[in-house]
Amino acid sequence: MNETYEWLYDHYALPLMQVRDGADQIKQAILSHSDSGDRVFLGDQLDSLCMLWGTDAFALGLQLGLRLMAGQRTDSPEGP
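Computed from a predicted model, the values in this text were never measured in an experiment.

## A few points about the overall build of the chain
Part 1 of the argument: Each helix and strand in the chain was counted, giving 3 helices and 0 strands.
Part 2 of the argument: In the chain, the succession of α and β elements from N to C terminus is α-α-α.
Part 3 of the argument: Within the span of the chain, comprising 80 residues, buried residues form 14% of the whole.
Part 4 of the argument: As presented, the chain carries roughly 6,700 Å² of accessible surface, and 61% of it is formed by carbon and sulfur atoms.

Okay, here's the thing in structure tokens:
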């Protein structure tokens, strides 16, 4: 794994994965206040939002990281 991916994982993805338990508790609190007939639908919608937002945020962070590190690569044809 190159340095950009490692940095993004260590500083972005790993901390988000560690707060997942807290997010699950919040989700359960939201679901507990909904009607029993709407719980499955609401739970699916919350999961979909988390997946979409997480994927979009990671893609943007990856793109930003690659652009920031582009001038620092020593193996590129342009050099440092």
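Read on, since the account is not over.
## A few points about the pattern of salt bridges
Part 1 of the argument: By the definition in use, this model includes 1 salt bridge.
Part 2 of the argument: Across the salt bridge formed by Lys 27 and Asp 47, the nearest N and O atoms sit 2.6 Å from each other. Of this pair, Lys 27 sits in helix α2 (residues 20–32) while Asp 47 sits in helix α3 (residues 39–69), and the two are 20 residues apart along the sequence.

## A few points about the environment of Gly 61
Part 1 of the argument: Tracing the chain through its elements places Gly 61 in helix α3.
Part 2 of the argument: For Gly 61, a relative accessible area of 24% puts it in the partly exposed group.
Part 3 of the argument: For Gly 61 and Leu 8, which are 53 residues apart along the polypeptide, the C-alpha to C-alpha distance reads 7.4 Å.

## A look at helix α1 (residues 3–18)
Part 1 of the argument: With 16 residues, α1 extends 21 Å from end C-alpha to end C-alpha; this agrees with the ideal 22 Å at 1.5 Å per step.
Part 2 of the argument: Those residues of α1 that sit buried are Thr 4, Leu 8 and Ala 13.
Part 3 of the argument: At its buried positions, α1 is contacted by α3.

## Digging into a nonpolar patch on the surface
Part 1 of the argument: On the surface, Leu 49, Leu 52 and Trp 53 cluster together into a nonpolar patch covering about 340 Å² of accessible area.
Part 2 of the argument: Owing to a relative accessible area of 52%, Leu 52 belongs among the exposed residues under this scheme.

## Looking at the packing of α1 against α3
Part 1 of the argument: α3 packs onto α1 with a crossing angle of 135° between their chain directions and a minimal axis gap of 10 Å. By the angle between their directions, the pair α1 and α3 is classed as oblique. Between α1 and α3 lies a crossing whose hand is right-handed. Note on element contacts: α3 touches α1 through Gly 54, Ala 57, Phe 58, Gly 61, Leu 62, Gly 65, Leu 66 and Met 69, opposite Glu 3, Thr 4, Tyr 5, Leu 8 and Tyr 12.
Part 2 of the argument: When grouped by side-chain class, the residues that make up the contact of α1 with α3 number 8 nonpolar, 4 polar and 1 charged.

## What about the side chain of Ser 34?
Part 1 of the argument: Checked against the element boundaries, Ser 34 lands in the loop between α2 and α3.
Part 2 of the argument: By relative accessible area, Ser 34 is classed as buried at 15%.
Part 3 of the argument: A polar contact is formed between the side chain of Ser 34 and the backbone oxygen of Leu 31, at a distance of 2.7 Å.
Part 4 of the argument: Not counting residues within four places of it along the chain, the set of residues in contact with Ser 34 comprises Arg 39 and Leu 42.

Parameters and conventions
Residues numbered from 1 in each chain as written. Predicted model: local features only at pLDDT ≥ 70, side-chain atom pairs only at ≥ 80, totals over all residues. Heavy atoms only, no water. Helix = DSSP H or I, 4+ residues; strand = E, 2+ residues; numbered from the N terminus. Buried < 20%, exposed > 50% of the residue type's maximum accessible area, 1.4 Å probe, protein only. Areas by Shrake-Rupley, 256 points an atom, 1.4 Å probe, with all protein chains shown as cover. Salt bridge = Lys/Arg side-chain N within 4 Å of Asp/Glu carboxyl O. Expected span 1.5 Å × (residues − 1). Contact = heavy atoms within 4.5 Å. Patch = residues over 30% accessible without salt bridge, like charges linked within 9 Å, V, L, I, M, F, W, Y side chains within 5 Å. Axes fitted to C-alpha atoms, helices over the stretch in contact; angles between N-to-C directions. Parallel < 35°, antiparallel > 145°, perpendicular 65-115°, else oblique. Left-handed = near helix turned anticlockwise from the far one by under 90°. Nonpolar A, V, L, I, M, F, W, Y, C, P; charged D, E, K, R; others polar. Polar contact = N/O pair within 3.5 Å; in protein donor to acceptor, adjacent residues only side chain to side chain.

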